[in-house]
Amino acid sequence: GNSVTQMEGPVTLSEEAFLTINCTYTATGYPSLFWYVQYPGEGLQLLLKATKADDKGSNKGFEATYRKETTSFHLEKGSVQVSDSAVYFCALIRRNSGNTPLVFGKGTRLSVIA
Amino acid sequence: EAQVTQNPRYLITVTGKKLTVTCSQNMNHEYMSWYRQDPGLGLRQIYYSMNVEVTDKGDVPEGYKVSRKEKRNFPLILESPSPNQTSLYFCASSLGHANTEAFFGQGTRLTVV
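Treat the numbers as computed from the prediction; the structure is a model and nothing was measured.

Visitor: Is there a simple way to think about the overall build of chain A in this case?
Guide: Counting secondary structure elements, chain A contains zero helices and 12 strands. For chain A, the N- to C-terminal ordering of α and β elements is β-β-β-β-β-β-β-β-β-β-β-β. In terms of C-alpha radius of gyration, chain A reaches 14 Å, essentially the compact-globule figure of 13 Å for 114 residues. With respect to the three principal axes, the spread of C-alpha positions in chain A is 45 × 30 × 20 Å. Among the 114 residues that make up chain A, the fraction classed as buried is 46%. The contacts in chain A between residues at least 6 apart in sequence include a share of 56% that link residues at least 24 apart. Where the 11 positive side-chain charges of chain A centre and where its 10 negative ones centre are 9 Å apart.

Visitor: I tried to follow the sheet that holds strand β8 (residues 62-65) of chain A on my own but got confused; where do I start?
Guide: In sheet architecture, strand pairing relies on hydrogen bonds along the backbone and comes in two forms, parallel and antiparallel. Residues and elements named next belong to chain A. Read from one edge to the other, the open sheet built from four strands follows the order β3-β9-β8-β7, with strand pairing classed as antiparallel. The open sheet has two edge strands, β3 (19-21) and β7 (56-59), and neither has a second partner. Neighbour-to-neighbour, the strand axes of the sheet open up by a mean angle of 15°, direction not taken into account. Of the pairings in the sheet, the one linking β3 to strand β9 (residues 75-77) comprises three bridges and is antiparallel in character. Residue L19 lies in a different strand from β9, and its bridge partner there is K77.

Visitor: Explain the packing of aromatic side chains here, please?
Guide: The geometry of two aromatic rings is summed up by the distance between their centres and the angle between their planes. Summed over all chains, the structure comprises 12 aromatic pairs over all chains. Ring centres of F104 of chain A and F104 of chain B lie 6.2 Å apart, and the angle between their planes is 65°; on these two criteria the pair is classed as edge-to-face. You can see F104 of chain A sitting in strand β11 (residues 103-104) and its partner F104 of chain B sitting in strand β10 (residues 103-104), one on each of two chains. Residue classification places F104 of chain A among the buried residues on the basis of a relative accessible area of 9%. Between the aromatic rings of Y64 of chain B and Y89 of chain B, the centroid separation amounts to 5.9 Å while the plane-to-plane angle is 65°, which identifies the pairing as edge-to-face. Of this pair, Y64 of chain B sits in the loop between β6 (54-57) and β7 (65-66) while Y89 of chain B sits in strand β9 (residues 87-94); the two residues are 25 residues apart in sequence, bridging distant segments of the chain. Since its relative accessible area comes to 5%, Y64 of chain B is described here as buried.

Visitor: Is there a simple way to explain the nonpolar core in this structure?
Guide: Generally speaking, a soluble globular protein has its nonpolar side chains buried in company with each other. Counting 26 residues, the largest nonpolar core has W35, L47, L48, F73, L75 and Y88 of chain A as the members making the most contacts within it. Contributions of two or more residues to this core are made by β2 (11-14), β3, β4 (23-26), β5 (32-38), β6 (44-50), β8, β10 (86-93) and β12 (108-113) of chain A. Per-element accounting of this core gives the leading share, four residues, to β10 of chain A. Aside from chain neighbours lying at most four places away, what touches L75 of chain A is L19, T20, I21, W35, L47, L48, F62, E63, A64 and Y88 of chain A. Counting 19 residues, the second largest nonpolar core, distinct from the first, contains C23, W34, F74 and V112 of chain B.

Visitor: Quick question: what am I supposed to make of the layout of surface pockets here?
Guide: One simple way to see leftover space: roll a probe sized like a water molecule over the atoms. Taken as a whole, the largest pocket spans an internal volume of roughly 680 Å³. Where the lining of the largest pocket is concerned, the elements lending two or more residues are β10 and β12 of chain A together with β4 (31-38), β9 and β11 (108-112) of chain B. Counting residues per element, the lining of the largest pocket draws most heavily on β12 of chain A, which supplies four residues. Broken down by class, the residue content of the lining of the largest pocket amounts to 12 nonpolar, 15 polar and seven charged. For the second largest pocket, the calculated volume is near 350 Å³. For the second largest pocket, the lining is made up of 15 residues, of which Q3, V4, F104, G105 and Q106 of chain B are closest to its centre. Secondary-structure elements contributing two or more residues to the lining of the second largest pocket are β6 of chain A together with β1 (4-7) and β10 of chain B. Here the lining of the second largest pocket takes three residues from β1 of chain B, the largest share from any one element. Across the lining of the second largest pocket, the residue classes break down as five nonpolar, seven polar and three charged.

What counts and how
- Residues numbered from 1 in each chain as written.
- Chains lettered and ligands numbered in written order.
- Predicted model: local features only at pLDDT ≥ 70, side-chain atom pairs only at ≥ 80, totals over all residues.
- Heavy atoms only, no water.
- Helix = DSSP H or I, 4+ residues; strand = E, 2+ residues; numbered from the N terminus.
- Rg over C-alpha atoms; globule rule 2.2 N^0.38 Å.
- Buried < 20%, exposed > 50% of the residue type's maximum accessible area, 1.4 Å probe, protein only.
- Contact = heavy atoms within 4.5 Å.
- Lys, Arg positive; Asp, Glu negative; His and termini not counted.
- Charge placed at Lys NZ, Arg CZ, Asp CG, Glu CD.
- Pairing = 2+ DSSP bridges.
- Axes fitted to C-alpha atoms, helices over the stretch in contact; angles between N-to-C directions.
- Phe/Tyr/Trp six-rings, centres within 6.5 Å; stacked < 30°, edge-to-face > 60°.
- Core = buried A, V, L, I, M, F, W, Y, C linked by side-chain atoms within 4.5 Å.
- 1 Å grid on protein atoms, 1.4 Å probe; cavity = no way out; pocket = protein on both sides within 12 Å on 5 of 7 lines; lining within 4 Å.
- Points joined across faces, edges and corners; volume = space filled by probe spheres on them.
- Nonpolar A, V, L, I, M, F, W, Y, C, P; charged D, E, K, R; others polar.

Shown next, in the form of structure tokens:
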């Protein structure tokens, strides 16, 4: 079946530190890959996405590259800010699927301290 | 403004008392779904709908019902809530294609005592 595994949190970093949140996936075919972010008290919102191998998604200083050979989609940011504190979810959608549910990882809570 | 609106945001109820959580989207999306979020489990799909009058079970449908009489609305019904349905619920909508963005509501925190 389809599944997403992401690193366990919580992750605590100082402001301006480098961030990596690991994400690997298992899927039949070639899924589309996403990172969603959930700020405190809010719903999830799309952070970035990649739809094919070697694509790089980027937004707000965050990046992730679709690596088919390692089935990974790791999230990175060069210099985190306090405002980046949130829960981050890696997710996939199988293409050519009638039902297009997002399959989520368990989420990684990031806390950035000043 | 494009949005998905859920109500209520918070609800405390007693075991067995029927309740409905409403969800409405203003983006003319065909695809809508409900998820529950539980600590250590991430988000799991409860039910989904690919269009009006078309609904189907997700991964954890037991104890829930849905309906899709209009394109914009997708209510979640708990006929006889139980404490194991205490959770944070999210409604989402999208165009339904695999590479399009899903829009989420702000969530409904339900406590069943």
